[in-house]
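Summary of the model geometry
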Amino acid sequence: MPSYTAPVKDQLFVLNDLLKISEQDVPGYDELDRDTLEAILDEAAKIAEQVLAPLNAVGDTQGCVLENGVVRTPEGFKAAFDQVREGGWTALDCDPDYGGQGLPYLVSTAVGEQFSAANMAFNMYQGLTHGAYSAIHTHGTEAQKALYLPKMVSCEWTGTMNLTEPHCGTDLGLMRTKAVPQDDGTYKVTGQKIFISAGDHDMSENVIHLVLAKIPGGPEGIKGVSLFIVPKFLVNEDGSVGERNGVSVGKIEEKMGIHGNSTCVMNYDEATGYLIGTEHKGMRAMFTMMNEARIGVGLQGYAQAEVAYQNAVDYAKDRLQGRDVTGVKNPDGPADPLIVHPDIRRNLMDQKSFVEGARAFTYWGAAMIDRAHGCDDAAADGLISLMTPVIKGFLTDKGFEMATAAQQVYGGHGYIEEWGMSQFARDARIAMIYEGANGVQALDLVGRKLAQDGGKHVMAFFAMVTDFIKETKGRSDAFDKDFREPLKAASKDLQAAGMFFMQNGMKNPNAALSGSYDFMHLFGHVCLGLMWARMAVAAEDALAAGASDVAFYETKIATGRYYMARQLPMTRTHLARIETGADTVMALDAEAF
């Protein structure tokens, strides 16, 4: 049975040593001193390790069942959900006006990592509710917020997002679900939605669906889409649960992974819906939810890699196989442990250096969200908008890769279900697909985000890297060789790729779009390289200040050195692919495939 230990020390290093959040001018950060953060994360770790992790395999094995129109969750899920709710974990960063604790989004992100690593399928129920809460909080009327948000904050009621239909996924302009206006100001919503995570379950009193639909007579395509609140049970004016709405579950999808989460086909049969925001502006409201969700999915990618890595390390230290070629390390045993072998070390270092770099990148992104919202900082908002497809796309691609790398450490046992490594790989796989498949993330990055606001956000990122390189010049010969120069070279590759798009994209758009996926990964590597260089500075400074845990900080530096030497050079490969343009990609006629 796999285990999970929350990496609290590593989390605190990013929050305190790297981001130095208590010193920042973001509202609420000044209250997050080391002791407060440690107390929060230690308490979250108890829930993650003792409550959620033991249910992970249960959820995978039992899955969800549709019985008489009601979805039953796996054994133990409801009791765990009650415990999470009662502990206030669903309300961490929510508005105090609606029962939230008002903590920064960054704190919720750190706790979310633990819960997602411990039990990804379970954590999705509250994660999706938070996204629906955010959409209503941002775009709903005061009456809507007062009616729905308090019980969504507490997760007495949960939430969903309903976009996809059987005939359309990414191209939402093709949707057929319709919303017919009624004399009382409500709408009758009719249609079918598929792939609805947490679409129904037995852990909350009500499910508040956010549904995209078209009002008859509106504009064609995506410009005619509106967003509606469609509760499973209608809500009375006093906030009590009323009669059943015209909403039902058609079936539960049978999936490769995340079996503990109910992925439903949802049928709407003249269900009563309530418009959020203005007519035909539904995508604007839904993107509030989707952008938050995409950061959360990026987190899922590296969280699954983290728990898979932890178990791979334990196995590599315990499993005896072969002898160390440089000399016997376990003379009293029949063989040495796997971890003595260089290829196992390479595999584990790939995983470790990715996970720790990804954590820093994601927390930095969460801090940008806090700054954008708390300080009304347009520059931070633009930067995180640029980075969202990178966080989602790169971290989930690499997260799945690392989960399968951890599985590889086990050899044949990794392919046997009882060892649990298969679940991590299967659960991680969906993160590359939902909330916008990663190919779409790459297209969004190259086709929209690079040129957003005249390209000033990507230029701001380049300036950030350049400033760091200038500021650390002469820090030490070792730092220059191991961190500064590799980052400088990788940044030049990223700028060269951007220049290629500028020079070729207008006359041949396929030249840019054919390289978009490579560009997303190139960008991701540069971001992790920047994070590792910054973490190396933080670790060196801590050692210079006389930190007691010398081994911890030295390990950080050594892990970063590995990433810069063995992973960051991939930017050259991605650039070379980008510069080949579209000719080889588009060479075949469709009939030739």
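Since we're looking at a predicted model, the values are computed, not measured. (Residues numbered from 1 in each chain as written. Predicted model: local features only at pLDDT ≥ 70, side-chain atom pairs only at ≥ 80, totals over all residues. Heavy atoms only, no water.)

For the rest of this paragraph, the subject is the overall build of the protein. Summing up its helical and strand segments, the protein has 17 helices and eleven strands in all. Scaling as 2.2 N^0.38, a compact globule of 593 residues should have a C-alpha radius of gyration of about 25 Å, and the protein matches this with 24 Å. Seen through its C-alpha atoms, the protein measures out along the principal axes to roughly 80 × 60 × 55 Å. For the protein, the residues scored as buried account for 59% of the 593 residues in total. Counted over contacts in the protein with a minimum sequence separation of 6, partners at least 24 positions apart contribute 74%. Here the protein has roughly 24,400 Å² of accessible surface; of this, 51% comes from carbon and sulfur atoms. Side-chain charges in the protein split into 52 positive and 77 negative, and the spacing between the mean points of these groups amounts to 6 Å. (Helix = DSSP H or I, 4+ residues; strand = E, 2+ residues; numbered from the N terminus. Rg over C-alpha atoms; globule rule 2.2 N^0.38 Å. Buried < 20%, exposed > 50% of the residue type's maximum accessible area, 1.4 Å probe, protein only. Contact = heavy atoms within 4.5 Å. Areas by Shrake-Rupley, 256 points an atom, 1.4 Å probe, with all protein chains shown as cover. Lys, Arg positive; Asp, Glu negative; His and termini not counted. Charge placed at Lys NZ, Arg CZ, Asp CG, Glu CD.)

Attention shifts here to the layout of surface pockets. Put simply, the second largest pocket is a space of about 690 Å³. Lining the second largest pocket are 28 residues, and of these Gln24, Trp364, Met368, Met464 and Arg534 lie nearest its centre. Contributions of two or more residues to the lining of the second largest pocket are made by α1 (8-18), α8 (342-374), α9 (378-409), α12 (456-471) and α15 (516-544). Ranked by residue count, the leading element in the lining of the second largest pocket is α12, at seven residues. Among the residues forming the lining of the second largest pocket, the class breakdown is 18 nonpolar, two polar and eight charged. (1 Å grid on protein atoms, 1.4 Å probe; cavity = no way out; pocket = protein on both sides within 12 Å on 5 of 7 lines; lining within 4 Å. Points joined across faces, edges and corners; volume = space filled by probe spheres on them. Nonpolar A, V, L, I, M, F, W, Y, C, P; charged D, E, K, R; others polar.)

Moving on, we get to the nonpolar core. Phe361, Met387, Phe461, Phe519 and Phe523 are the most contacted members of the largest nonpolar core, which totals 189 residues. The residues contacting Phe361, other than those within four sequence positions of it, are Met387, Val390, Ile391, Leu395, Cys527, Leu528 and Met531. (Core = buried A, V, L, I, M, F, W, Y, C linked by side-chain atoms within 4.5 Å.)

Time to look at the state of the cysteines. Under the counting rule described, the total for this entry stands at zero disulfides. Of the cysteine sulfurs around Cys168, a residue in no disulfide, the closest is that of Cys264, at 18 Å. (Disulfide = S-S within 2.5 Å.)

Attention now moves to the packing of aromatic side chains. Tallying each qualifying case throughout the model produces 19 aromatic pairs. For the ring pair Trp89 and Phe115, a centre distance of 6.0 Å and an interplane angle of 75° mean the geometry is edge-to-face. Of this pair, Trp89 sits in the loop between α3 (77-86) and α4 (105-118) while Phe115 sits in helix α4, and the two are 26 residues apart along the sequence. The buried category is assigned to Trp89, whose relative accessible area is 14%. Judged by its relative accessible area of 1%, Phe115 is buried. Following the ring pairs from residue to residue traces out a cluster consisting of Phe461, Phe462, Phe500, Phe501, Phe519 and Phe523. If you follow Arg429 out to its NZ or CZ, it ends over the ring of Phe400, 5.5 Å from the centre. (Phe/Tyr/Trp six-rings, centres within 6.5 Å; stacked < 30°, edge-to-face > 60°. Lys NZ or Arg CZ within 6 Å of the ring centre and 35° of its normal.)

The next point concerns the environment of Glu435. As for its placement among the helices and strands, Glu435 is situated in the loop between α10 (421-430) and α11 (438-449). Looking at Glu435, the relative accessible area reads 16%, which means it is buried. Considered as a pair, Glu435 and Val84 are 351 residues apart in the sequence and their alpha carbons are 25 Å apart.

Bringing the environment of Gly257 into the picture now. Mapped onto the secondary structure, Gly257 falls in the loop between β10 (247-252) and β11 (263-276). Judged by relative accessible area, which is 4%, Gly257 ranks as buried. When the C-alpha atoms of Gly257 and Ala425 are compared, they prove to be 8.4 Å apart, with 168 residues separating the residues in sequence. With residues up to four places along the chain from it excluded, the contact list for Gly257 reads Arg426 and Asp427.

We now examine the packing of α15 against helix α16 (residues 550-567). Here α15 crosses α16 at 155°, and the two axes come no closer than 9 Å. The angle between α15 and α16 falls in the class roughly antiparallel. Here α15 runs over α16; the crossing is left-handed. Residues His525, Leu528, Gly529, Trp532, Ala536, Ala539, Glu540, Ala542 and Leu543 of α15 form the contact with α16, whose own contacting residues are Val550, Tyr553, Glu554, Lys556, Ile557, Thr559, Gly560, Tyr563, Met564 and Gln567. When grouped by side-chain class, the residues that make up the contact of α15 with α16 number eleven nonpolar, five polar and three charged. (Axes fitted to C-alpha atoms, helices over the stretch in contact; angles between N-to-C directions. Parallel < 35°, antiparallel > 145°, perpendicular 65-115°, else oblique. Left-handed = near helix turned anticlockwise from the far one by under 90°.)

Take Arg85: it is sitting in helix α3. In sequence terms Arg85 and Glu253 are 168 residues apart; their C-alpha atoms lie 27 Å from each other. What Arg85 contacts, discounting residues up to four positions off in sequence, is Thr90, Ser154, Cys155 and Glu156. At 3.2 Å, the side chain of Arg85 forms a polar contact with the side chain of Asp82. (Polar contact = N/O pair within 3.5 Å; in protein donor to acceptor, adjacent residues only side chain to side chain.)

Under the defined criterion, the tally for this structure stands at 32 salt bridges. Arg346 serves as the salt-bridge partner of Asp343, at 2.8 Å between the closest nitrogen and oxygen. Here the residue Asp343 and the residue Arg346 both occupy positions in helix α8, the gap between them amounting to three residues, near one helical turn. Across the pair Arg561 and Asp482 runs a salt bridge, and its minimum N-O distance is 3.0 Å. With Arg561 in helix α16 and Asp482 in helix α13 (residues 477-504), the pair connects residues that are 79 residues apart, well separated along the chain. (Salt bridge = Lys/Arg side-chain N within 4 Å of Asp/Glu carboxyl O.)

The next point concerns a negative patch on the surface. Residues Asp33, Asp35, Glu38 and Asp42 make up a contiguous surface patch of negative charge. Looking at Asp33, the relative accessible area reads 36%, which means it is partly exposed. (Patch = residues over 30% accessible without salt bridge, like charges linked within 9 Å, V, L, I, M, F, W, Y side chains within 5 Å.)

This next bit is on the pairing of strand β5 (residues 187-197). In this sheet, β5 lies alongside strand β4 (residues 178-181) in antiparallel orientation, the contact comprising four bridges. Bridge assignment links Val180 to a residue of β5, and that residue is Lys188. In textbook terms, the turn of a hairpin is the stretch between consecutive antiparallel strands, and for β4 and β5 this stretch comprises five residues, one of which, Gly185, has a positive phi near 90°. Looking at chain direction, β5 and β11 are connected through eight bridges and run antiparallel. Paired with Gly191 across the two strands is Tyr268, which belongs to β11. (Pairing = 2+ DSSP bridges.)

Any functional reading would require information that these geometric values do not contain.
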